[in-house]
Every structure is written in C-alpha cells, then in structure tokens.
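Below, each chain spelled out in residue letters.
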Amino acid sequence: MRRPCLSRPSVFGSPLFLGFDHLEQMLDRVAKNADGYPPYNIEQTAENRLRITLAVAGFAMDDLQITQEDNQLVIRGRQRDDSEGRIFLHRGIAARQFQRAFVLAEGIEVEGAWLDNGLLHVDLQRPQPEVRVRTIQIHGGQGNPGASQGSAPNGSPPRGVDGRSVGARTVNGAAMPVVEGRASRG
C-alpha cells in the first residue's frame, strides 16, 4: 500500500511574504541543529554586543573550528582519539564531535573568539540599523511608468516649460497639474 506524501505547510506560504523563502531554509537548518551538545549561553554584553559561550571541556584550541558561512556562524569540535594504549575501567568522558550553527541577522559581525577554562567565547557586534526612508514617485496613466501617458520617451516624468517635474494630482475629484509638489490651478 502506498502512503500519501505529506508535506509540511510552509510558514511563509502566504503570498504576502515575498522573497522570504531563504528564511524557511534557515529555519530548517536550525531545526536540524537541535542536539543539546554542547550546551551554550547567549548573553548581551552591551547595547549592541552579544557573546555566545559554549561549554567545550576537554577540547583544545586545535580541536575547534569557527567559520562564518554567509549568515551562519558554524562552530565545530573534533577531539583526537588518544585512547590508544590506555585501558579504561570506565569511560564516561567520550571523545565526541559536534557542530553547532547559529543564524546571524544581516549586518552582525564576529569580533573574535577565545578559549578559557573549557569555555569557548565568541563576541558579536550588532550595528545599529539605519533608518531608511525612500519616497516612491507615483506616475499618472495606465501600465508601467515608461509607458504612461504624459511620460517622456525615456520613462522619466514629464517636465514643464522651465524643466521642473510636472505630474497630476487629484483635488476634490478633479485632476490638477503639480509642479514641484504644489498644486496649481489652471
């Protein structure tokens, strides 16, 4: 008997989320990284600074590797097996390898890392976001701005006699010419 293919509903399946498919891929990667080893802390050390601390007891600096792959901080650990020639009556400390990935927001920079008393610390800086405001010009007519009625052939807005930008604005239901943002009657 053939089982139906069940697909997981997409978090960003709404048509209102445009261009967020990469976020879904990042969430899938984070879900695969759900193993609890090694334990870690994330703390805010200043207003725009973070520190990730991993408990990596038994790992030497040469056993650890930190890389930034696009927007992912990946920390890997691989201990060398030094048990050759040794006889263990009990072995509770395993030479275990790990990979821990953290998804970084756009603009977060890794400042540095250090190993101290079995704890690996990674400092991150989160720059303050710039407030960006951009005004989008509205053209009159149908279709795209280059094909709208009254546009110049190169798609730029129509110009008045003095070379200033001229458009149209509706005032009390009637279209009025606009020159540099002011409605003029006539």
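Look above for the structure.
Predicted model only: the values in this text are computed from it and were never measured.

S.K.: Would you explain the packing of aromatic side chains in this entry?
M.R.: Each aromatic ring pair is specified by the distance between its two centres and by the angle formed by the two planes. Inspection of every chain in the model, using the stated rule, returns three aromatic pairs. An angle of 85 degrees between the planes, with centres 6.0 Å apart, marks the rings of Tyr37 and Phe98 as edge-to-face. Note that Tyr37 is positioned in the loop between helix H1 (21-32) and strand E1 (40-46) and Phe98 in strand E5 (residues 98-103), a separation of 61 residues in sequence. Looking at Tyr37, the relative accessible area reads 21%, which means it is partly exposed. Taking the relative accessible area as the measure of exposure, Phe98 reaches 7% and is therefore buried. Each member of the aromatic cluster is reached from another via a ring pair, and the members are Tyr37, Phe59 and Phe98. Above the face of the Phe88 ring, Arg91 is positioned so that its terminal group lies 4.7 Å from the ring centre.

S.K.: Just checking my understanding: could you explain the layout of surface pockets for this structure?
M.R.: Rolling a probe over the atoms, with the probe sized like a water molecule, indicates the empty space that remains. Estimated volume of the second largest pocket: approximately 220 Å³. Along the walls of the second largest pocket sit 13 residues, with Gln79, Asp82, Arg91, Ile93 and Ala95 positioned nearest its centre.

S.K.: What is the right way to read unusual backbone geometry from this model?
M.R.: Comment: phi is negative for the bulk of residues other than glycine, and the bulk of peptide bonds are trans. The backbone of Asp70 shows a phi angle near 55 degrees, a positive value even though the residue is not glycine. Within the secondary structure, Asp70 sits in the loop between strand E3 (64-69) and strand E4 (72-77). You can call Asp70 exposed: its relative accessible area is 75%. Positive phi, normally seen in glycine, also occurs at Asn117, with a value near 55 degrees. Turning to its location among the elements, Asn117 is positioned in the loop between strand E6 (109-116) and strand E7 (119-125).

Quick notes on the rules
Residues numbered from 1 in each chain as written. Predicted model: local features only at pLDDT ≥ 70, side-chain atom pairs only at ≥ 80, totals over all residues. Heavy atoms only, no water. Phe/Tyr/Trp six-rings, centres within 6.5 Å; stacked < 30°, edge-to-face > 60°. Helix = DSSP H or I, 4+ residues; strand = E, 2+ residues; numbered from the N terminus. Buried < 20%, exposed > 50% of the residue type's maximum accessible area, 1.4 Å probe, protein only. Lys NZ or Arg CZ within 6 Å of the ring centre and 35° of its normal. 1 Å grid on protein atoms, 1.4 Å probe; cavity = no way out; pocket = protein on both sides within 12 Å on 5 of 7 lines; lining within 4 Å. Points joined across faces, edges and corners; volume = space filled by probe spheres on them.

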